[in-house]
Amino acid sequence: MDHYQQQLDACHAEMPAAAAGKEAAPGAAGSTTITPATTKPRVSRVTKKKGELLTEDEKKANHIASEQKRRQNIRTGYDQLIQIVPTLTPSQRSEALILQKTVEYIKYLLMEREILEGQLKDSSH
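Computed from a predicted structure; not experimentally measured.

Visitor: Residue-level account of the nonpolar core, with values.
Guide: By size, the foremost hydrophobic cluster in this structure holds seven residues: Tyr78, Ile82, Val85, Leu88, Ile98, Tyr105 and Tyr108. When contributions to this core are tallied by element, the ones reaching two or more residues are helix H2 (56–84) and helix H3 (95–123). By residue number, the principal contributor to this core is H3, which donates three residues. Those residues in contact with tyrosine 78 that lie beyond four places of it in its chain are Glu95, Ile98 and Leu99.

Visitor: Explain the confidence of the model for the protein chain to me, using residue names and the numbers behind them.
Guide: Residues shown with low pLDDT carry predicted positions that ought not to be read at fine detail. Averaged over every residue, the pLDDT of the protein chain is 79; the share at 70 or more is 66%. Mean pLDDT values over the elements of the protein chain span from 64, in helix H1 (residues 3–14), up to 96, in H2. Taken together, the stretch residues 16–31 has pLDDT below 50 and engages in 21 contacts with residues farther than four places along the chain or on a different chain.

Visitor: Any details on the packing of aromatic side chains? Residues and values, ideally.
Guide: For any pair of aromatic rings, the description rests on two quantities: the centre-to-centre distance and the angle between the ring planes. Applying the stated criterion to the full structure yields one aromatic pair. Ring geometry for tyrosine 105 versus tyrosine 108: centroids 6.0 Å apart, planes at 25°, classification stacked. Residue tyrosine 105 and its partner tyrosine 108 are both found in helix H3; the two are separated by three residues, about one turn of the helix. Per residue, the accessibility class of tyrosine 105 equals that of tyrosine 108, and both read buried.

Visitor: Any chance you could break down the environment of valine 85 for me, citing the residues and the numbers?
Guide: Examined against the element boundaries, valine 85 turns out to sit in the loop between H2 and H3. When the C-alpha positions of valine 85 and isoleucine 98 are compared, they lie 8.7 Å apart, and in sequence the two are 13 residues distant.

About the thresholds
Counting restarts for each chain, with residues numbered from 1 along the sequence as it is written. Local features in this predicted model are restricted to residues whose pLDDT is 70 or higher, and side-chain atom pairs enter the listing and the counts only when it is 80 or higher, whereas totals over whole chains, interfaces and linings include all residues. Processing note: side-chain calculations cover all non-hydrogen atoms of the structure and skip hydrogens and water entirely. To form a nonpolar core, buried Ala, Val, Leu, Ile, Met, Phe, Trp, Tyr and Cys residues must be joined to one another through side-chain atoms within 4.5 Å. Partly exposed describes any residue whose relative accessible area lies between the buried limit of under 20% and the exposed limit of over 50%, with all areas from a 1.4 Å probe on protein chains only and scaled to the type maximum. For the purposes of this entry, the term helix denotes a DSSP run of H or I that reaches at least four residues, the term strand denotes a run of E that reaches at least two, and both are numbered from the N terminus. Note on contacts: a residue pair qualifies if any of its non-hydrogen atoms lie within 4.5 Å across the two residues. Predictor confidence is given residue by residue as pLDDT, running from a minimum of 0 to a maximum of 100. Put simply, two rings from Phe, Tyr or Trp (the six-membered ring, in Trp's case) pair if the centres are within 6.5 Å, and we call them stacked under 30 degrees between planes, edge-to-face over 60, tilted for the rest.

Shown next as structure tokens:
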């Protein structure tokens, strides 16, 4: 077993749940498809003709609609991370945990890439 294979094996050992409960890594053949989260009905924004000012109630309704859209976009992003990161499950809804495990997974992927690039470089010589 060569040096790079040992590094790759060690890299895989650091991500023990990578295969548990998830399909292949993103971008790999048979990888998990990301589906958009279901959306709740939103308050629609008020629009007026050019030059007309919005009332305070209309401004408030627009602000509420914008805030709901922002929150939904954040929820969708977290849902996508749960689908992509192999060590996360849909039952894990802590934003801090999702971010922590996502950073760990990115570090794992970067390490694995570096090892594979080293193997490729050595095999071409």
